[in-house]
Each structure stands twice: as structure tokens, then as C-alpha cells.
Amino acid sequence: MSKTAKSMPEPACPCGSGLPYAGCCARWHHGAERLRAPDAQALMRSRYSAFVLDELGYLIDTWHPDTRPAALEPNPAGLKWLGLEVREHRQLDPEHAVVEFVARSRWQGRASRQHERSRFERQPDGRWVYVDGESLA
């Protein structure tokens, strides 16, 4: 490599793990490990990253069939995701878990935060899915 050529750093994962996207949530979004997040917290982080990156197919595929919407809309122009804070990850039993999080965003100059306690369930094939969430004030 020449002295003037600089390698570009890999983009950080939107989930806030501090890891490059390729070594974090990308593996759950694409490729051989797609949809195989090992626990509810990893799925929560990968879903946040999917919202940031408009990976709508991944979001639908990781939503429980009984509660998922028929379709999702892409992010509106100008929406900026500002970060994710996972406050709690609690495994209730081998098939059920809860993740409490705060996701922050800004759109049209207005800051917003979504504070939620989400329920997750492991499917018979071993995949974790998002069931639903309770909004926390």
C-alpha cells in the first residue's frame, strides 16, 4: 500500500456495541447466520440496527407471526437515529426473555426517545423473535 493510500475504517455498528457492523449485527442481517441471533439482547440490538439501516425484510422476519405487521415503511427522509441503550436483558426461561431499552432519534428538528420493555420468544427452530413491547414513560 502506498503512503498516501489509507484504508477506510469499517463503519461502527448502529447498535452501539463498539464493534464494526460487519462483526456485529451484519451477520444476523445477511449470510449464513441470518436470523440466528443467539439471545434476545442480540436480537434487540440487531433489530435496532435494522431500523437504522432500513433492513425491513429482517424486521418482518424477526417479528412473531401473531403480532407482526403486514408491511413496514422505510425511515422518513431526514430521520436520524441517535443511539440505543439497553437497560436490562432478563431471560425468563429457555424460551422467553425481556429486554428494556431506550432508542433515541431526531426528525424535523425534534428529538424523540422510545423507552420500551420488549418481549421475545424462542421459536421451535431456535430462532428468537420479537413478540411485542410495553411503552415506558
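Residues numbered from 1 in each chain as written. Predicted model: local features only at pLDDT ≥ 70, side-chain atom pairs only at ≥ 80, totals over all residues. Heavy atoms only, no water.

Engineer: How would you sum up the sheet that holds strand β4 (residues 128-135)? Please name residues and give values.
Structural biologist: Spatially, 4 strands are ordered β1-β2-β3-β4 in an open sheet, and the strand pairing comes out antiparallel. Looking at which strands have only one partner, the edges of the open sheet turn out to be β1 (80-93) and β4. Going from strand to strand, the sheet's axes swing by 25 degrees on average, the running direction of each strand aside. Pairing between strand β2 (residues 96-107) and strand β3 (residues 110-122): 12 bridges, direction antiparallel. Within the sheet, the bridge partner assigned to alanine 97 lies in β3 and is phenylalanine 120. Packed on one face of the sheet, helix α2 (residues 40-53) meets β1, β2, β3 and β4 and runs near 160 degrees to β1. (Pairing = 2+ DSSP bridges. Helix = DSSP H or I, 4+ residues; strand = E, 2+ residues; numbered from the N terminus. Axes fitted to C-alpha atoms, helices over the stretch in contact; angles between N-to-C directions. Contact = heavy atoms within 4.5 Å.)

Engineer: Hey, could you go over the side chain of glutamate 116 for me, with residue numbers and the actual values?
Structural biologist: You can see glutamate 116 is positioned in strand β3. Look at glutamate 116: it is buried, it has no salt bridge, and the nearest opposite charge is arginine 47 at 7.3 Å. Polar contacts involving the side chain of glutamate 116 include one to the side chain of glutamine 114, which spans 2.8 Å. Setting aside anything within four residues of it in sequence, one finds glutamate 116 in contact with Val99, Glu100, Phe101, Tyr130, Gly133, Glu134 and Leu136. (Buried < 20%, exposed > 50% of the residue type's maximum accessible area, 1.4 Å probe, protein only. Lys, Arg positive; Asp, Glu negative; His and termini not counted. Salt bridge = Lys/Arg side-chain N within 4 Å of Asp/Glu carboxyl O. Polar contact = N/O pair within 3.5 Å; in protein donor to acceptor, adjacent residues only side chain to side chain.)

Engineer: So what's going on with the UniProt feature "domain: YchJ-like middle NTF2-like" (unreviewed entry) in the protein? Residues and values would help.
Structural biologist: In the numbering adopted here, UniProt assigns the feature "domain: YchJ-like middle NTF2-like" (unreviewed entry) to residues 40-133. Structurally, residues 40-133 is divided into 21% helix and 48% strand, and its ends, taken at the C-alpha atoms, are 13 Å apart. (UniProt positions renumbered as here; feature names shortened; annotations may be inferred.)

Engineer: How would you sum up the nonpolar core? Please name residues and give values.
Structural biologist: Ranked by internal contacts, the top residues of the largest apolar core, which has 21 residues, are Met44, Leu84 and Phe120. Contributions of two or more residues to this core are made by α2, α3 (56-61), β1, β2 and β4. A total of 6 residues in this core trace back to one element, the largest contributor, which is α2. Here phenylalanine 120 is in contact with Ala40, Leu43, Met44, Arg47, Glu95, His96, Ala97, Val99, Trp128, Val129, Tyr130 and Val131, once residues within four sequence places are set aside. (Core = buried A, V, L, I, M, F, W, Y, C linked by side-chain atoms within 4.5 Å.)

Engineer: Explain the pairing of β4 to me, using residue names and the numbers behind them.
Structural biologist: Where β3 meets β4, 7 bridges bridge the pair, whose relative direction is antiparallel. When the sheet's bridge partners are listed, serine 118 is paired in β4 with glycine 133. Where β3 folds back onto β4 in an antiparallel hairpin, the turn is made up of 5 residues, including glycine 126, whose phi is positive at roughly 95 degrees.

Engineer: Talk me through α2; I want residue IDs and the actual numbers.
Structural biologist: Counted at 1.5 Å a residue, the expected span for α2 with its 14 residues is 20 Å, and the 20 Å between its end C-alpha atoms agrees. With respect to burial, α2 is a largely interior element, 10 of its 14 residues being buried. Where α2 is concerned, the buried positions are Ala40, Ala42, Leu43, Met44, Arg45, Ser46, Arg47, Tyr48, Ser49 and Ala50. Buried-residue contacts for α2 involve α1 (26-29), α3, β1, β2, β3 and β4. (Expected span 1.5 Å × (residues − 1).)

Engineer: Any details on the packing of aromatic side chains? Residues and values, ideally.
Structural biologist: This model, assessed by the stated rule, comprises 4 aromatic pairs. Relative to tryptophan 81, the ring of phenylalanine 51 has its centre 6.3 Å away and its plane inclined at 45 degrees; by these criteria the two rings are tilted. Linking phenylalanine 51 in helix α2 with tryptophan 81 in strand β1, this pair joins segments that are 30 residues apart in sequence. The interplanar angle of 70 degrees and the centroid separation of 5.8 Å between the aromatic rings of phenylalanine 120 and tyrosine 130 together place this pair among those described as edge-to-face. With phenylalanine 120 in strand β3 and tyrosine 130 in strand β4, this residue pair connects regions lying 10 residues apart in the sequence. Each member of the pair, phenylalanine 120 together with tyrosine 130, is buried. An aromatic cluster is defined as three or more aromatic residues linked by ring pairs; in this entry it consists of Tyr48, Phe51 and Trp81. (Phe/Tyr/Trp six-rings, centres within 6.5 Å; stacked < 30°, edge-to-face > 60°.)

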